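# Tertiary structure, described
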Amino acid sequence: MEEIRDIDVIKTWALSSTLNFTRYFFKQLYKRKFVVGRHHILIAEALDRVFRGESTRLIINIAPRFGKTELAVKNFIAMGLALNPRAKFIHLSYSDGLARDNSCGVQAIIRDPQYMRLFPATRPTSRNSQKWSTTAGGGLYAVSSAGQVTGFGAGLVDNEETAELSQEIDELNAVNPGTFGGAIVIDDPIKPDDARSELVRNKVNQKFETTIRNRVNSRNTPIIIIMQRLDIDDLCGYLQRIEPEQWEVLSLPALYTDDHGKEQALWPFKMDTEELHKLRDLAPWVFETQYMQNPQPLTGLMYERPFKTYDALPVTRRHVIKAYVDTADTGDDYLCAIIYVETEIGNFILDVYYTNAAMETTEPETARLFTRHGVQRAIIESNNGGRGFARAVEKNCRIIGNNSTAFQWFTQTHNKDVRIFSHSAEVQNLTYFPTGWDKRWPQFWSAIVHFKKEGRNAHDDAPDALTGTVEKRTDKPQQLTAFF
C-alpha cells in the first residue's frame, strides 16, 4: 500500500509540469541532474500551456545546444503519451536521421522501467524509429521537414513521404476531439548550412503550407516549432510575417538585460557572458542570428530602414496617378507594374502587379489595373519586348473604354544594379506603402526588403521598378523616347 502511495505521489508530481517530468526522467536515464536554466523554466511553462489547451501555435527560438530538444521534443512527447496513451505525435526535423534519433530518445524514456511502472497503459509495440505505436493506439511518426531536397533525392520518394505525412496528420486530427490528443513538433526544420539557400528555405516553408497547415483541420491540434533563427525568411520569420497574431513566440536571446539593467547570460552553465562576447567578436553574424534570435542578412540590405506607410492619402497640391512598368527580361523574371500617386511629398503606392505569368495574361490584366485606378500616365521600359507590351496594353485599355491613360515608353540604357544602388536613399525617402503591404503583396515585399547590396539576388525586377518611380518623377529631368 505504501509503495502504491509513493507511485501516486511521484506520478502526480511528474505530471504537474513539463519541467518536473524532464528533471525526473533525465535523472532516471542519465543518472545525473538536469541543470535547469531560466530558459528551461520559460519553455516548460509554454509547453504546459499547450497541454492545457491554452496555446495551439507555439514558436520557441533559442540558441543551439541549450537543452531545447531534450525538454521540448523528447520529454514533451513522452509526457504527452503518459497523459494520454492514445495521443499521436508527428515530429519533423531537417533530416530523417535527426528526427529518428529524437524518436529513439522518446522511446528510451517510455521504455524506462520507472516510466513503465508509473504509466503502465503506455507501451510501445515496436522499436521502429520512423513510425511506432502504443498498445493504446497512440504513437509517433518522425520524418524530415525538407523532404529529399537536402540530399538531392528523387521526387517520387519525396511525394511518397509527403503522402504518408498527410495521412499521419489526418489521423492526429481525429484523436480525442476536445482533449489533448497529441501535437506536431517541429525541431530545427532547416540545417544552418542550408539556411542561406532560398531553394531550401522555400521548400521547407511550402511544405508547411501545402502539407501541414492545409491538413490540420482544427485549431485545437497544436503545432510547436523549436529552432534557432537562421534567416529573416526562415520558417519562423515567414509565419510571423504572414500571421503574427496566430503564433505565441518565445524568443530567448543568449544575452539579456535583467530587471536591474545588467547584462546576463541566458544559461551560464553552457556559455557565460565572457564566452558569448568572444563569439560576438569572432562571428557577429552567427551570434546575432543564431544566439540572439535577431536574424541579419549576411551582406547589407539595399533598403536598410523600414519603408514609410500610410493609412489614407494626404491632401497635396500635386496629385498625378502614374504607373511604372518593368517587363520581364527572361522567362524566369517577373513583370512588375507599380501604380502610384505622385505628389510633392513623395510617391504613394496604390497597387502592385508582380507576376511571372505569360504575356497573354499580363497584357489584359495590366490594362484592367490601369483602368481601375484611373492611371493618367503609364511609363513602360521598352527593353526586351516592352514596346510591344505597351502597345498591347494600350489597345486593351481602349477596348474596355479607357481613353484617358497616356502611354509612354523609353529604352533603359543605364546599368540596373548601379541605378538601384544610387537611388536607394531617394526610394526610401520618397516612397510610401499602404499599411499592411507585406501581406497584400508578399512576393513583391520579399523581393524589396530582402534585396542585398552585394551578393546574388534571386530577382531584381521589383527594386528596379520601384527605382523607376523615383527616376521618372516630374521634378526630375525626363528622357522619354516617345509619346503615343
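Provided above is the structure to which this section pertains.
What you see is a predicted model; the values in this text were computed from it and never measured.

### Brief notes about helix H3 (residues 38-51)
- Helix length check: H3, at 14 residues, gives a terminal C-alpha distance of 20 Å against a target of 20 Å (1.5 Å per residue), a fit within 8%.
- Turning to H3, its buried residues number three or more, namely His39, His40, Ile43, Ala44, Ala46, Leu47, Asp48, Val50 and Phe51.
- For H3, the elements touching its buried residues are helix H2 (18-30), strand E1 (57-62), helix H4 (68-83), strand E6 (223-227) and strand E7 (248-252).
- One or two positions beyond H3, positive phi appears at Gly53, with a value near 80 degrees.

### Quick notes on the nonpolar core
- Counting 52 residues, the largest nonpolar core has Phe21, Phe76, Phe89 and Tyr115 as its most contacted members.
- For this core, the leading source of residues is H4, giving 9 residues.
- Once you skip the residues sitting within four places of it in the chain, Tyr115 turns out to touch Phe21, Phe25, Ala78, Leu81, Ala82, Ile109, Ile110 and Thr122.
- Core analysis: the second largest hydrophobic core is formed by 29 residues, Tyr303, Trp437, Trp441 and Ala447 among them.

### Side note on the environment of Trp13
- Its location among the elements puts Trp13 in helix H1 (residues 2-14).
- Sequence-wise, Trp13 and Tyr24 are 11 residues apart; in three dimensions their C-alpha atoms are separated by 9.4 Å.

### Considering the packing of helix H17 (residues 442-449) against helix H18 (residues 461-471)
- Running from amino to carboxyl end, H17 crosses H18 at an angle of 80 degrees, the nearest separation of the two axes being 8 Å. Classified by the angle between their axes, H17 and H18 sit roughly perpendicular to one another. For the pair H17 and H18, contact is made by Phe444, Ala447 and Ile448 and by Ala462, Pro463 and Leu466, respectively.

### Describing the environment of Asp461
- Within the secondary structure, Asp461 is located in helix H18.
- The class for Asp461 is buried, based on a relative accessible area of 0%.
- Measuring from C-alpha to C-alpha, the distance between Asp461 and Cys336 comes to 6.4 Å, with 125 residues separating the pair along the chain.
- Reaching out from Asp461, the side chain makes a polar contact with the backbone nitrogen of Tyr334 at a distance of 3.1 Å.

### Observations regarding helix H11 (residues 284-291)
- The complete set of buried residues in H11 reads Phe287, Thr289, Gln290 and Tyr291.
- Buried-residue contacts for H11 involve E1, E7, strand E8 (255-257) and helix H10 (273-282).
- At the exit of H11 stands Gln293, carrying a positive phi of roughly 60 degrees.

### With respect to the sheet that holds E6
- What the 7 strands build is an open sheet, ordered E3-E4-E2-E5-E6-E1-E7; its pairing is mixed. Two strands lie at the open edges of the sheet, namely strand E3 (131-133) and E7, each paired on one side alone. Averaged over all pairs of adjacent strands, the angle between strand axes in this sheet comes to 10 degrees, irrespective of strand direction.
- Two strands pair when backbone bridges link them, and E1 and E7 are joined in this way by 5 bridges, in the parallel orientation. Bridge pairing links Leu58 to Glu248 in E7.

Analysis parameters
Residues numbered from 1 in each chain as written. Predicted model: local features only at pLDDT ≥ 70, side-chain atom pairs only at ≥ 80, totals over all residues. Heavy atoms only, no water. Helix = DSSP H or I, 4+ residues; strand = E, 2+ residues; numbered from the N terminus. Expected span 1.5 Å × (residues − 1). Buried < 20%, exposed > 50% of the residue type's maximum accessible area, 1.4 Å probe, protein only. Contact = heavy atoms within 4.5 Å. Core = buried A, V, L, I, M, F, W, Y, C linked by side-chain atoms within 4.5 Å. Axes fitted to C-alpha atoms, helices over the stretch in contact; angles between N-to-C directions. Parallel < 35°, antiparallel > 145°, perpendicular 65-115°, else oblique. Polar contact = N/O pair within 3.5 Å; in protein donor to acceptor, adjacent residues only side chain to side chain. Pairing = 2+ DSSP bridges.

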